[in-house]
Amino acid sequence: MAQVLPAERDLRRVIGDGDAVPDGEVDGLTEQDLLELYRSLVLLRTYDERSVVYHRQGRIGTYAIFWNHEAMQAGSVYALEDEDWIFPSYRESAIALLRGMPASVILQWWRGHPSGWWNPADYNVAAICVPIATHVPHAAGLAWGKKLRGESAVAIAYFGDGATSEGAFHEGANFAAVTGAPLVLFCNNNQWAISTPITAQTRAKALVDKAVGYGIPGIRVDGGDVLAVYEATREAVARARTGGGPTMIEAVTYRAAPHATADDPSAYIDLARVEEETRNECVGRYERYLERLGIAVDPQIKVKAQETMRRGIAEAEAEPPADMSLVFDHAHVEPLPSFESELRELRGG
Ligand SMILES: Cc1ncc(C[n+]2csc(CCOP(=O)(O)OP(=O)(O)O)c2C)c(N)n1
Ligand SMILES: [Mg+2]
């Protein structure tokens with residue numbers, strides 16, 4: 001019988017508050033690493049803020065905002081090797097930027113252009129997953145495959161608190177546990193699934209308690225603390241890579257932005273809590289930590305991120321629109337007779 005491990009309830013933290021809570025540090029991280037993490041945070045933040053503007057300008061479609069989720073994404077990816085596979089949900093749509101993907105590709109995804117889809121093997125980043133939790137079994141399968149082939153790569157799957165109520169999450173987690181697949185199950189618990197609060201999502205005291213049911217270790221971490229997230233993921237990745245199987249990480253935060261550009265959270269959210277979270281948002285928190293350490297950040301980091309986005313949207317908009325026939329091309333082996341007239345109509349003919 002597999003040993004059932006108690007899940008961890010306290011939030012792991014490294015970054016203090018500059019007052020009563022002291023700063024910690026992560027073993028083995030150099031100043032260079034700390035600055036690299038900062039660069040990742042700024043790139044993601046800039047991508048997110050510019051995307052909201054592009055949406056308002058009608059240049060991209062509906063967009064899932066990840067403002068204040070950057071620490072979870074940058075911290076966890078920094079704990080991976082390039083050979084490791086990332087399975088993002090729509091909340092991590094821009095995570096491949098950290099693997100060198102041009103911003104134009106992700107912007108095209110949000111513009112619904114076919115060039116927004118990439119060959120996953122080029123970046124070891126799977127397609128952005130919108131159907132909640134359905135990528136968890138895919139990630140478990142890929143990780144198990146790596147193990148069967150004797151390869152050292154691991155996989156990480158990102159999903160939200162709401163995803164932990166989906167069958168696919170349970171199937172993937174259980175499958176990874178029984179096969180000992182090298183998988184990190186990374187839950188961004190932002191306490192909302194659109195307008196459904198965490199209290200309506202589960203009776204568990206903590207989402208990480210679910211790890212106990214699969215007989216796998218669970219780690220609970222402050223999702224706004226990029227260093228704590230990095231350290232927790234590094235531990236989970238090391239266990240996976242050395243044959244210790246999957247780990248569930250619950251990174252706890254509070255959604256400070258609308259679910260997506262089409263959402264008005266003022267109808268349901270705790271606005272005082274949003275204000276508090278906004279004051280303590282993860283990029284500023286890390287900037288103040290670096291400041292306390294006396295580490296200067298190069299202002300060019302922000303300038304370069306802005307340039308990346310300017311270039312990204314220009315490249316995306318310079319691409320010719322896709323041919324409408326793509327909507328039909330791969331839908332049926334034998335095209336339906338109505339396709340011809342429908343295509344003509346779509347083309348405005
Ligand atoms: C299978 C499925 N059911 C419903 C939806 C509609 N939907 C889109 S986002 C969302 C909420 C998901 O919340 P959570 O898992 O907490 O992720 P978050 O958006 O907070 O990152 C839902 C229900 C969907 N995309 N897929
Ligand atoms: Mg959520």
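One can find the structure itself at the top, above this paragraph.
Notes on the structure follow. As the structure is a prediction and not an experimental result, all values here were calculated from the model. (Residues numbered from 1 in each chain as written. Chains lettered and ligands numbered in written order. Predicted model: local features only at pLDDT ≥ 70, side-chain atom pairs only at ≥ 80, totals over all residues. Heavy atoms only, no water.)

### Structural notes on the overall build of the protein
Then step 1. Looking only at helices and strands, the protein has 14 helices and seven strands in total.
Then step 2. Compactness check: the protein gives a C-alpha radius of gyration of 21 Å against a globular reference of 20 Å for 349 residues, within 12% of the reference.
Then step 3. On the principal axes, the C-alpha backbone points of the protein span a range of 70 × 50 × 40 Å.
Then step 4. In the protein, which comprises 349 residues, the share counted as buried stands at 52%.
Then step 5. Within the protein, residue pairs in contact and separated by at least 24 positions form 77% of the contacts whose partners lie at least 6 positions apart.
Then step 6. Here the protein displays about 16,200 Å² of accessible surface, and carbon together with sulfur accounts for 52% of that area.
Then step 7. Both charge centroids of the protein, one from 33 positive and one from 49 negative side chains, sit 1 Å from each other. (Helix = DSSP H or I, 4+ residues; strand = E, 2+ residues; numbered from the N terminus. Rg over C-alpha atoms; globule rule 2.2 N^0.38 Å. Buried < 20%, exposed > 50% of the residue type's maximum accessible area, 1.4 Å probe, protein only. Contact = heavy atoms within 4.5 Å. Areas by Shrake-Rupley, 256 points an atom, 1.4 Å probe, with all protein chains shown as cover. Lys, Arg positive; Asp, Glu negative; His and termini not counted. Charge placed at Lys NZ, Arg CZ, Asp CG, Glu CD.)

### Quick word on the site of ligand 1
Then step 1. Around ligand 1 there are 16 residues in total, and Tyr90, Arg91, Asp161, Gly162 and Trp192 lie nearest to it.
Then step 2. Note that an oxygen atom of ligand 1 is positioned 2.9 Å from one of the side-chain N or O atoms of Asp161.
Then step 3. Contact with the protein chains covers 72% of the free accessible surface of ligand 1, which is 580 Å².
Then step 4. Residues of the shell around ligand 1, tallied by class, amount to eight nonpolar, five polar and three charged. (Near = heavy atom within 4 Å. Polar contact = N/O pair within 3.5 Å; in protein donor to acceptor, adjacent residues only side chain to side chain. Nonpolar A, V, L, I, M, F, W, Y, C, P; charged D, E, K, R; others polar.)

### Regarding the packing of aromatic side chains
Then step 1. Taken as a whole, this structure holds 16 aromatic pairs when the rule is applied.
Then step 2. Centroid distance Trp85 to Phe87: 6.2 Å. Interplanar angle 35 degrees. Geometry classified as tilted. Each member of the pair Trp85 and Phe87 is classed as buried.
Then step 3. Note on Phe328 and Phe339: the rings are 4.6 Å apart at their centroids and 45 degrees apart in plane angle, and the pair reads as tilted. (Phe/Tyr/Trp six-rings, centres within 6.5 Å; stacked < 30°, edge-to-face > 60°.)

### Notes on the packing of helix H3 (residues 103–110) against helix H12 (residues 300–318)
Then step 1. As a packed pair, H3 and H12 sit with axes 8 Å apart at the nearest point and diverge in direction by 55 degrees. By the angle between their axes, H3 is oblique relative to H12. Here H3 and H12 pass one another in a crossing that is right-handed. Every residue of H12 that contacts H3 at Ala103, Ser104, Leu107 and Gln108 is listed here: Thr308, Met309, Gly312, Ile313, Glu315 and Ala316.
Then step 2. Partitioning the contact of H3 with H12 into residue classes produces five nonpolar, four polar and one charged. (Axes fitted to C-alpha atoms, helices over the stretch in contact; angles between N-to-C directions. Parallel < 35°, antiparallel > 145°, perpendicular 65-115°, else oblique. Left-handed = near helix turned anticlockwise from the far one by under 90°.)

### Some points on the coordination of the magnesium ion (ligand 2)
Then step 1. Protein-derived coordination of the magnesium ion (ligand 2) comes from Asp161 (OD), Asn190 (OD1) and Trp192 (O), at a distance range of 2.1 Å.
Then step 2. Between consecutive donors of the magnesium ion (ligand 2), the numbers of intervening residues give the motif D-x28-N-x1-W. Exposure class is identical for Asn190 and Trp192. Each is buried. (Donors = N, O, S within 2.8 Å, 3.2 Å for Na, K, Ca; no water.)

### A few points about the packing of helix H1 (residues 31–56) against H12
Then step 1. Where H1 meets H12, the axes come as close as 9 Å, and the angle between the chain directions of the two elements is 45 degrees. When the interaxial angle is binned, H1 and H12 end up oblique. Between H1 and H12 the crossing geometry is right-handed. Where H1 approaches H12, its residues Tyr38, Arg39, Val42, Leu43, Thr46, Tyr47, Arg50, Ser51 and Tyr54 are matched on the opposing element by Ile301, Lys302, Ala305, Gln306, Thr308, Met309, Arg310 and Ile313.

### Considering the environment of Pro22
Then step 1. Note on placement: Pro22 falls in the segment before H1.
Then step 2. It is 25 Å that separates the C-alpha atoms of Pro22 and Asn189, two residues lying 167 residues apart in sequence.
Then step 3. When neighbours within four sequence positions are excluded, Pro22 is seen to be in contact with Val14 and Gly16.

### Looking at the pairing of strand S3 (residues 183–189)
Across a regular strand the side chains alternate sides, sitting on one face of the sheet and then on the other.
Then step 1. Burial of S3 is extensive: seven of the seven residues sit out of reach of the surface.
Then step 2. Because side chains alternate across S3, one face comprises the buried residues Leu183, Leu185, Cys187 and Asn189, and the other comprises Val184, Phe186 and Asn188, equally buried.
Then step 3. In this structure, strand S2 (residues 155–160) lies alongside S3, joined through six bridges in parallel fashion. Looking at the pairing, Ile156 lines up with Val184 of S3.
Then step 4. Taken together, S2, helix H6 (residues 167–179) and S3 constitute a β-α-β crossover, and its handedness is right-handed.
Then step 5. Two strands pair when backbone bridges link them, and S3 and strand S7 (residues 247–252) are joined in this way by six bridges, in the parallel orientation. Looking at S7, one finds that Phe186 is bridged to Ile249. (Pairing = 2+ DSSP bridges. Right-handed = clockwise from strand over helix to strand, strands pointing away.)

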